[in-house]
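The primary structure of each chain is shown beneath.
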Amino acid sequence: MIERTLCGRAPEIRLPKGAVDAQMHMYLPGFPSLPGGPPLPADPLPDAGAYRKVLEWLGVDRVIITQGNAHQKDNANTLACLAEMGDVARGVVVIDDTTSDAELQRLSKAGVVGARIMDLPGGAVRLDALEAVDARAHAADWMIAVQFDGNRLLDHLSRLERVKSRWVLDHHGKFFAGVDPDGPELAALLKLIDRGNVWFKFAGVYESSRDGWPYEDVAAVSRQIAEHAPERIVWGSNWPHNMIRTTEDYPDDARLADLVLGWLPGERARHLALVENPERLFKLPALAAA
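It should be emphasised that the depicted structure is a prediction, and the values quoted were computed from it without experimental measurement. (Residues numbered from 1 in each chain as written. Predicted model: local features only at pLDDT ≥ 70, side-chain atom pairs only at ≥ 80, totals over all residues. Heavy atoms only, no water.)

## Considerations on the sheet that holds strand β5 (residues 143–147)
Pairing within the open sheet is parallel, and its 8 strands lie in the order β1-β2-β3-β4-β5-β6-β7-β8. Sheet topology places β1 (20–24) and β8 (233–235) at the edges, where each strand pairs with a single neighbour. Direction aside, neighbouring strands of the sheet carry axes that sit 25° apart on average. Sheet topology places β5 next to strand β6 (residues 166–169); 4 bridges connect them, and they run parallel. Bridging from a neighbouring strand, M143 pairs with R166 of β6. Across the face of the sheet, helix α7 (residues 216–228) comes into contact with β7 (198–202) and β8 while running at roughly 140° to β7. (Pairing = 2+ DSSP bridges. Helix = DSSP H or I, 4+ residues; strand = E, 2+ residues; numbered from the N terminus. Axes fitted to C-alpha atoms, helices over the stretch in contact; angles between N-to-C directions. Contact = heavy atoms within 4.5 Å.)

Below you can see the structure in the form of structure tokens.
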């Protein structure tokens with residue numbers, strides 16, 4: 001059992017109206033973990049009721065629920081979560097080349113706006129399916145969330161350059177071995193972002209930092225990318241922090257948000273990352289002017 005912090009001091013950085021949490025997971029009872037993936041998060045399950053408290057605490061208005069690896073290719077939990085959360089939520093699920101047009105239409109009607117590729121242990125669909133997933137996602141006008149070891153970016157570059165869909169590189173690029181801000185990986189990533197259909201996600205910084213809090217190794221690269229293309233950054237809480245295994249290590253979400261959002265170059269960049277950029281990436285309805 002793990003005690004998750006669900007409330008506390010509000011973030012010092014006030015989130016703007018319409019703020020989007022672009023990366024989190026949610027779990028409802030009755031949906032067991034499946035072979036090939038990790039176990040479900042520790043009890044109590046991080047469900048809709050718990051996350052609503054986090055929404056209120058942080059000042060988030062909209063959310064993207066990403067299919068958890070525990071459920072592999074079975075999207076039933078994610079669809080149930082979308083129904084539970086209502087119109088404030090959209091979903092990113094798992095599809096492959098066997099997904100029918102009728103199933104894509106059903107998923108879209110349920111609030112799905114994207115597909116997930118996870119080329120790390122536990123992932124249900126890997127990079128070998130990139131072209132097939134891209135074809136299906138592009139036909140549905142969905143985006144793709146892509147996650148892999150960023151130190152292998154150059155190995156995958158030619159394929160990534162051919163992706164037709166809107167897509168986002170997850171979790172600060174997941175450069176597990178670190179990355180030189182002046183090195184070829186970062187230069188290639190900036191060129192990818194400049195293509196116009198690529199975003200970069202600030203989320204789960206602790207998953208790839210080798211330094212620990214305040215994660216200066218990841219911060220240096222993230223600041224560089226945000227300065228280069230503030231119109232291509234999105235932010236996610238990464239709640240419920242599935243890689244954190246103990247109550248003692250569980251992050252304070254407000255403090256973590258303040259840290260990571262502080263890497264953006266000013267209030268305008270934060271509004272882009274929290275509202276306008278996710279609206280474009282996920283094709284969310286723009287908020288009416290006040």
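Next, the rest of the story.
## Some remarks on the packing of helix α5 (residues 153–160) against helix α6 (residues 184–193)
Where α5 meets α6, the closest approach of the two axes is 10 Å, and the angle between their N-to-C directions is 20°. In terms of their interaxial angle, α5 and α6 are classed as roughly parallel. Judged by the twist between their axes, the crossing of α5 over α6 is left-handed. Side by side, α5 and α6 meet where L153, L154, L157 and L160 of the first sit next to P184, E185, A188, L189 and L192 of the second. Split into classes, the residues belonging to the contact of α5 with α6 amount to 8 nonpolar, no polar and 1 charged. (Parallel < 35°, antiparallel > 145°, perpendicular 65-115°, else oblique. Left-handed = near helix turned anticlockwise from the far one by under 90°. Nonpolar A, V, L, I, M, F, W, Y, C, P; charged D, E, K, R; others polar.)

Remember, this is a structural readout, not a statement about activity or role.
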